[in-house]
Amino acid sequence: MCGIVGYIGKREVSPILLEGLARLEYRGYDSAGMAVQNGMGLKIRKKKGRVGDLVQHVKANPVVGHMGIAHTRWATHGPPTTANAHPHLDCTGEIAVVHNGIIENADTLRKLLRDRGHTFLTPTDTEVIAHLIEEAEGESLEERVRNALRVVEGAYGIAVISGEFRDRIVVARRGSPVLLGLGEDETFVASDPAAVVEHTRSVIYLEDGDIAVLTPDGYRILDHEGEDQARPTSAIDWDIASIELGGYAHFMQKEIFEQPESLRNTLRGRLMPEEGDARLLGLRLTDEEIRDIDRVLILGCGTSWHSGMVGRHFIETLAGIPVDVEYASEFRYHSPISLEGTLAVAISQSGETADTLEAMKAARDRGARVVGVVNAVGSTIAREAHGGIYLHAGPEVGVASTKAFTSQLAALLLMGLHLGRRRGLDREQGREVVNALAELPDLIERALKLDDEMARIALTFAEADNALYLGRGVSFPVALEGALKLKEVSYAHAEGYPAAELKHGPIALIDDDMPVVVVAPADHIFSKVVSNVQEVRARGGRILVITTEGNRDLASVADREVVVPRTHELLSPLLTVIPLQLLAYHIAVLRGCDVDRPRNLAKSVTVE
Ligand code: AGP
């Protein structure tokens, strides 16, 4: 949700900023802009639209310099226009700010500043920060930024340059991710390593409250009192190929096909075949603490919430612990009941989702022990958690989550196994799960061979504006995930339902044209699903069944049947979701949608 990049050094800044923005575009893509400092003062370039539009604008109106800041936007305050694009300036035009996050008291501050004579050109919350810095006292830019931020409520990652203090970029963080990239005689600032990995693998993740000062000589990190702080340097553990298309048409397609590999990476070093156990030292829970868990509470949003819904089955079945799964955004507003004895699991690909972050803090405040299931290393949720499991799925660029989902499921299975083995799950049962998990990457490879078939099926579904996805047990969240994938990338309306719920209302929607996708692996509730599918058949509907090899029981009622390899009953979601991802992808392409940057969305949702 909005991407920031900045550079100070000896090289020409414009190409570095524009390339950095292109790498961050998945975070927001309704407008973009940059501010460059050179001997002639601040030069601003902004454009409504994609980063590509800004690139053309800069080509026509070049700007030179060796330091600057830039931004790609996902609109919150004010529509996506060129004027509302960042950077925003103060009254003098001498202070330029780019910002990721939301200033919650922006309206109050704007009113106060107006009363003091400030003129605002936009309704954005970011412009308020520029005027606050203009008002603030201080000998240096960093002091003025620090004083300005004292009155700000909300979340921010900001970068500031000023015509008055020409040798520095000042950066501040509270609640929104900011990192420094350390190069030779050059320093970068970015909201995500993707923007800097081309130039350096050495990064520092700023902590909340940090203010960093970047100059041609290096950087300093200060706390809110202006005291120097030391922060550890981390190495980016993936390379640039992970964020390039590498021959694929879209990142979503690439990431769907990466799943055998991303899953291998999630499982690497964690399976204990002999013991029928999972090695999860990162959870930082003793055996005694695990035995004392009364309840598990899973928190997440979107796809991560769906993986939590599947994870519930894993943990309840393998560890015998009752599990609740909550939308992170709703959990915060529940009555504050004590969560002593609860293990809260925050699931997030990005590790920056504001709803999930706030929910995990609320759970912790009520006494829960909080662990994270996170993909982005060094992200806020990973750092706020007591312990956790990193997915190691590699960067996910496509806005529609695919490989993170299967890796989240694998991580939750490992968690179920680890908790279960400490609470009475016997070694043999554990071994069955471990063996099935070890086989999964190869089975996913086989499931991906369905690509051509799903492309053909997509041709018959592409024009439908509505679809129903049905499933039961572990397959119900898969149905939800299939429907979400279709909605977000193809803009077709799709609903996921527990198959048996259909007769309680949604069956009224079924006519001859309605596509109905049924996720029905051969498991212990398969026979019940058969009855539900018969109910649909009797009323029309174009039925596509996703089932497991060797199971022909729905062949006579389905219009199309797609089979995935057989696996342990609990693990079927990791396979049944593959054709659904492919289906959504192909339908979106046929409908001419922007697969990797669907309208109105952003990859990392850092506002509540
Ligand atoms: C999935 O395709 C989405 N774009 C979205 O629902 C996403 O899963 C959700 O915003 C949560 O993100 P997170 O996993 O980074 O927390």
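No experiment lies behind these values; they were computed from the predicted model shown.

Chemist: Hey, could you run me through the packing of helix H9 (residues 302-319) against helix H13 (residues 403-421) in this one?
Modeler: When two helices pack together, their arrangement is given by the angle between the helix axes and by the axis-to-axis distance. At a minimum axis distance of 8 Å, the contact between H9 and H13 shows a crossing angle of 25°. Taken together, the axes of H9 and H13 are roughly parallel relative to one another. Crossing geometry of H9 relative to H13 is assigned as right-handed. On H13, the residues touching Thr303, Ser304, His306, Ser307, Gly308, Val310, Gly311, Phe314, Ile315, Leu318 and Ala319 of H9 are Phe405, Gln408, Leu409, Leu412, Leu413, Met415, Gly416, Leu417, Leu419 and Gly420. Per-class residue counts for the contact of H9 with H13 are 12 nonpolar, nine polar and no charged.

Chemist: Please clarify how the pattern of salt bridges should be interpreted in this entry.
Modeler: Once the charged atoms of two side chains with opposite charge are near each other, the side chains can pair. If you walk through the whole model with that rule in mind, you get 36 salt bridges. Between arginine 597 and glutamate 25 there is a salt bridge; the shortest N-O distance is 3.5 Å. A residue pair is termed long-range when its members are at least 10 positions apart, and arginine 597 in the segment after helix H18 (573-590) and glutamate 25 in the loop between helix H1 (13-24) and strand E2 (31-38) qualify at 572 residues. Residue classification places glutamate 25 among the buried residues on the basis of a relative accessible area of 8%. Glutamate 488 serves as the salt-bridge partner of lysine 485, at 3.4 Å between the closest nitrogen and oxygen. Here lysine 485 and its partner glutamate 488 are both found in helix H16 (residues 475-490), three residues apart, which amounts to about one turn of the helix. The class for glutamate 488 is buried, based on a relative accessible area of 14%. One network of salt bridges, with partners in common, ties together Glu25, Arg50, Asp594 and Arg597.

Chemist: Can you help me understand the site of the ligand in this one?
Modeler: Taken together, 14 residues are adjacent to the ligand, and Ser304, Ser348, Ser350, Thr353 and Glu488 come closest. A distance of 2.8 Å is found between an oxygen atom of the ligand and a backbone nitrogen or oxygen belonging to serine 401. Taking 410 Å² as the accessible area of the ligand by itself, protein coverage stands at 90%. Elements with a contribution of two residues or more to the shell around the ligand: H9 and H16. Considered class by class, the residues forming the shell around the ligand number four nonpolar, eight polar and two charged.

Conventions adopted
Residues numbered from 1 in each chain as written. Predicted model: local features only at pLDDT ≥ 70, side-chain atom pairs only at ≥ 80, totals over all residues. Heavy atoms only, no water. Axes fitted to C-alpha atoms, helices over the stretch in contact; angles between N-to-C directions. Helix = DSSP H or I, 4+ residues; strand = E, 2+ residues; numbered from the N terminus. Parallel < 35°, antiparallel > 145°, perpendicular 65-115°, else oblique. Left-handed = near helix turned anticlockwise from the far one by under 90°. Contact = heavy atoms within 4.5 Å. Nonpolar A, V, L, I, M, F, W, Y, C, P; charged D, E, K, R; others polar. Salt bridge = Lys/Arg side-chain N within 4 Å of Asp/Glu carboxyl O. Buried < 20%, exposed > 50% of the residue type's maximum accessible area, 1.4 Å probe, protein only. Near = heavy atom within 4 Å. Polar contact = N/O pair within 3.5 Å; in protein donor to acceptor, adjacent residues only side chain to side chain. Areas by Shrake-Rupley, 256 points an atom, 1.4 Å probe, with all protein chains shown as cover.

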